[in-house]
Amino acid sequence: MSDKVMFMQGNEAIVRGAIAAGANFYAGYPITPSSEIAEKASELLPLCGGVYMQMEDELSSMTAVEGSTLAGARSFTATSGLGFSMMQEHIGHAVMCEVPCVIVDVQRGGPATGLATKPAQGDVMQARWGTNSDHSIITLAPASVEECYELAIKAFHLAYRFRTPVIILSDASVAHMVENVRLRTPKPEELPASRDPQCDPSEYLPHRFDPDHPATLAAFGSKYIYHMVSSTHDETGLAKTTPDVSDRLVHYLWDKIENHAEEIAYTKEYEMEDAEIVLISFGCSARSARGAMEKLRAQGVKAGVLQLQTIWPFPVKAVQKALAQAKLAVVPELNLGQLYSEVQRYNVEGRKVISVTKVRGELITPDEIIKAIEEVK
Amino acid sequence: MYTWKDYVGYDRLPHIWCSGCGNGIIFNALGQALEKMQLPLEKVVIVSGSGCFAKIVNYPGVNTVKMLHGRVLSGATGIAMANPELTVFALMGDGDGTTIGGNHLIHAARRNINVTAILGNNYNYGMTGGQYSGTTPEGSITATSRYGLVEDGFDACKLVEAAGASYVARTTAYDVLELQKMIIEATEKPGFAFIDVLAACPTHYGRLNKMGTPAEQMLKIKEGTVPVAKAAKMSPEELKGKLLTGKLVDRNDREDYAVLYAKMAKEARGE
Ligand code: SF4
C-alpha cells in the first residue's frame, strides 16, 4: 500500500511523526507558537490508546513526561520561548537519569515574552546548555513539514538508542507552514529500542557506564525493580557521591553522545558538489539560504547549501568538509550568530565566514543573504 | 509473603536521618502498612523530590525515583497515568509538597490522580539547615527567621480538600499505629489521597524553637492537635491554633482521573 500524503502544518507533522514512532504519552502546557502540537496530541492520542495530559506548567510537564516514560510510555512534550526555559530544570534530570523522551521547542522571538507569534532561532545555545552543569544532548532542527515528520521519528529512535532527552528545535515559521507530508510507516529498525533488558531481574542495573552500550531502560511494573536517583549515582541508580563515581558518571553522560557525533549527524546538501560559496544554515533560515542559492546559481555563481538537521552534537565533519571547499562561507540564522560562533570554532583553516543575522521576528530574505555576500566580495 | 523488611529494603539500612527525626517513623509505618497489604514489590513505586525525607528513595525494595525539588506529584502523575496498575506513593517534605511544589499539590488533588501522597511535615527545610517553609507557623525561629517568622504557614489538608482530593487525613509521628491505618486506607482509596504527618525535626526546628528532647518535641506536636470527633464538641476559641487529626475527607463521588480518561478515550474511539 502506498503511503498517504497529507497537506498539513509543521506542528501537526511532528505529532504524527511521534505517533508513527510509537509515542503514546504527551504532557505539556500550551504556549504560542507550539500550541497546535498540544491540540493535535490531545485529539490523536486518545484514538490510539495514548494519554494527553495538560499539566499546570512546563516544570510539571517535563516531570510527567519522565514519570510516564519510567512507567513504560513513549513520551513527548512541546513548548516555546520561556516554556523551554522552565523545562530545562527537568531536562537536566532526564539527562542525569537517562530517561529517553522528546522535547519540541518551537522557537519564537525573545528574550522573555518577546515576539510570541514570530519566528526566531535564538535557542540554539539554550538547547545545548540550558540545563545546569556538564552534559551532552541531542538536538535536531527541521526545515520543512516533511522534516518535522521524519525528525520526530528519528528523535524517538535516538532518545532510546542513547538513553537521553532529544530536542526538536523547530521555529514559528516551520511550525505554521503548510506543506505535503508522506505519512510513511517507519521500518522496525527506525523505531525506539526495546524496553526489555532480557536478563535475570536480580542482575538488572538501570545504568551501564559504557558509552557504546547504555543500559536498557526497563518499565516500572515489569519484573525489573529499579531505582532512579537524580543525585550522583552509580550503575545501581542509587545515590553514590564519591569523587570517582562522579567522574565516571559525568564523563559517561558526555561520551555516550559526543563519541557518536558522526552517527547522529544528519545533514542535507544542495548543489554542494562544485560550490564555492557555501551557505551553512538550519531550520527556516535553511529555506532562505536555498532561495539565495537558487538566485545565485541563476547568476552563474557557484553557491551551495549545507543544511544542518542535527545541531547538537555539532556535525563537525560535515561543516569542516564544507568549509574546506568554500571560498566564502555564510551562516544565515534568526539570532545574533549562535550557529556562526560554532562554525568558527571548527574553522581551523581560517576560511572566510560571515554571519547573516536578523532578530526582527521576520525571516531572512534571499536578497539579504546575497547582499551580505556582495558586501564582502 | 513479603515482610516490611522487603518493602523498606532492610539490607540498605541504616538510614541517614537524625535520631528522633519523624522521617524514619513514617518510613517504618509505610513498610508495616505495605506488609499488611502484600502488594507485589514490582507494582509499587515510591516517588520523592529533594530534602531529608526525599532520601527515602535510596532504601526500598520497591521501585523508586527521585525527581527534582517540588516535582514529586507531577512525576507521580506521569507514572500513575502511564500505568494505572501501579500503586504510586509520593513522599514529600513540606518543602517539596507544599512550598516549591505547592502548585502541583493543588492540581494533583483537583485531577484526582490515583496517588497516595504522604507529607512529612516538620515545618522547615531540614536538609539545607532549617529555613522556614510554607507550613512553618508564624513567629517560629528558623535559620532564615532569626527574629520570628512574619509569614504564617497554611493548612495543607484544607487546601487539598478544597482542590478535590478523595481522601485527606492528618496524624502525627507520635501516633504511628494510626498512621499505618491511614496509609492502608489512603492506598486502597481510588483517586488522590493525602496524609499530613506532623513530625519532628529535632536538629533544626525543635532546637531553634526550644522544644526540648525529640520525645518532648513529638509530644508538643501532638498537644497542638485535636482529633476531629473531639473538635466537633469544642468552641472556636478552644480550637484556636490547633490542627485537626484523623480522617478529614473520604469522598466517593468522583472516579479517579485514569478511569475517567479511559472512559473518555473509549467513547472518542467509538467503542
Ligand atoms: S535535619 Fe531534621 S528533617 Fe533532616 S534528618 Fe535531621 S531531624 Fe530529620
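Residues numbered from 1 in each chain as written. Chains lettered and ligands numbered in written order. Predicted model: local features only at pLDDT ≥ 70, side-chain atom pairs only at ≥ 80, totals over all residues. Heavy atoms only, no water.

Draft legend 1. Looking closely at the overall build of chain B. Of the regular secondary structure elements, chain B holds twelve helices and eight strands. The globule rule puts the C-alpha radius of gyration for 271 residues at 18 Å, and the 18 Å found for chain B is close to it. Seen through its C-alpha atoms, chain B measures out along the principal axes to roughly 65 × 45 × 30 Å. Contacts in chain B between residues far apart in sequence, at least 24 positions, make up 66% of those at least 6 positions apart. Entry remark: accessible area of chain B is about 11200 Å², with carbon and sulfur atoms responsible for 56%. Of the side chains in chain B, 28 bear a positive and 27 a negative charge, and the two mean positions are spaced by 3 Å. (Helix = DSSP H or I, 4+ residues; strand = E, 2+ residues; numbered from the N terminus. Rg over C-alpha atoms; globule rule 2.2 N^0.38 Å. Contact = heavy atoms within 4.5 Å. Areas by Shrake-Rupley, 256 points an atom, 1.4 Å probe, with all protein chains shown as cover. Lys, Arg positive; Asp, Glu negative; His and termini not counted. Charge placed at Lys NZ, Arg CZ, Asp CG, Glu CD.)

Draft legend 2. Inspection of the pairing of strand 15 (residues 353–357) of chain A at higher detail. All names here are of chain A. In this sheet, strand 15 lies alongside strand 14 (residues 328–333) in parallel orientation, the contact comprising five bridges. Its bridge partner being in strand 15, E333 is matched across the sheet by T357. Each parallel crossover has a hand, and for strand 14 linked through helix 12 (residues 338–345) to strand 15 it is right-handed. (Pairing = 2+ DSSP bridges. Right-handed = clockwise from strand over helix to strand, strands pointing away.)

Draft legend 3. Region of interest: the domain arrangement of chain A. Residue and element names in this part refer to chain A. For chain A, the domain assignment lists domain 1 (4–190) and domain 2 (266–376). Each partner contributes to the interface: domain 1 provides 28 residues, whereas domain 2 provides 25 residues. Taken together, the two surfaces of domain 1 and domain 2 that pack against each other cover about 2100 Å², and 58% of this comes from carbon and sulfur. When the area that domain 1 buries against domain 2 is broken down by residue, the three leading residues are Q121, V124 and M125, summing to 28%. Our enumeration of links across domain 1 and domain 2 arrives at two salt bridges. The residue E147 makes a salt bridge to K268 at a minimum N-O spacing of 2.8 Å. In this structure, the connection of domain 1 to domain 2 is made through 17 residue pairs in polar contact (both at pLDDT 80 or more). Of all elements in the fold, only helix 5 (124–129), strand 6 (138–140), helix 6 (145–161) and helix 7 (172–176) reach the threshold of two or more residues within the side of domain 1 that touches domain 2. (Domains from an automatic or database assignment. Buried area = accessible area lost by both parts, 1.4 Å probe. Salt bridge = Lys/Arg side-chain N within 4 Å of Asp/Glu carboxyl O. Polar contact = N/O pair within 3.5 Å; in protein donor to acceptor, adjacent residues only side chain to side chain.)

Draft legend 4. Region of interest: the sheet that holds strand 6 (residues 193–198) of chain B. Spatially, nine strands are ordered 9(A)-2(B)-1(B)-3(B)-4(B)-6(B)-5(B)-8(B)-7(B) in an open sheet, and the strand pairing comes out mixed. The sheet is open, and its two borders are formed by strand 9 (227–229) of chain A together with strand 7 (225–227) of chain B, each paired with just one other strand. Sheet twist, expressed as the average angle between the axes of neighbouring strands with direction ignored, equals 20°. Relative to strand 3 (residues 87–93) of chain B, strand 1 (residues 44–48) of chain B runs parallel, the two sharing four bridges. Looking at the pairing, B:V44 lines up with B:T87 of strand 3 of chain B. Strands in contact with helix 3 (residues 72–82) of chain B are strand 1, strand 2 (63–66), strand 3 and strand 4 (116–121) of chain B; relative to strand 3 of chain B, the strand with the most contacts, it is inclined by about 175°. Across the face of the sheet, helix 6 (residues 156–163) of chain B comes into contact with strand 4, strand 5 (167–172), strand 6 and strand 8 (243–250) of chain B while running at roughly 175° to strand 5 of chain B. (Axes fitted to C-alpha atoms, helices over the stretch in contact; angles between N-to-C directions.)

Draft legend 5. Examining the site of the ligand more closely. Residue and element names in this part refer to chain B. Around the ligand, the surrounding shell consists of W17, C18, C21, N23, C52, N122, G126, C201, P202, T203 and H204. When residues of the shell around the ligand are assigned to their parent elements, the largest contribution, three residues, is made by helix 8 (residues 202–208). When its residues are assigned to classes, the shell around the ligand shows six nonpolar, five polar and no charged. (Near = heavy atom within 4 Å. Nonpolar A, V, L, I, M, F, W, Y, C, P; charged D, E, K, R; others polar.)

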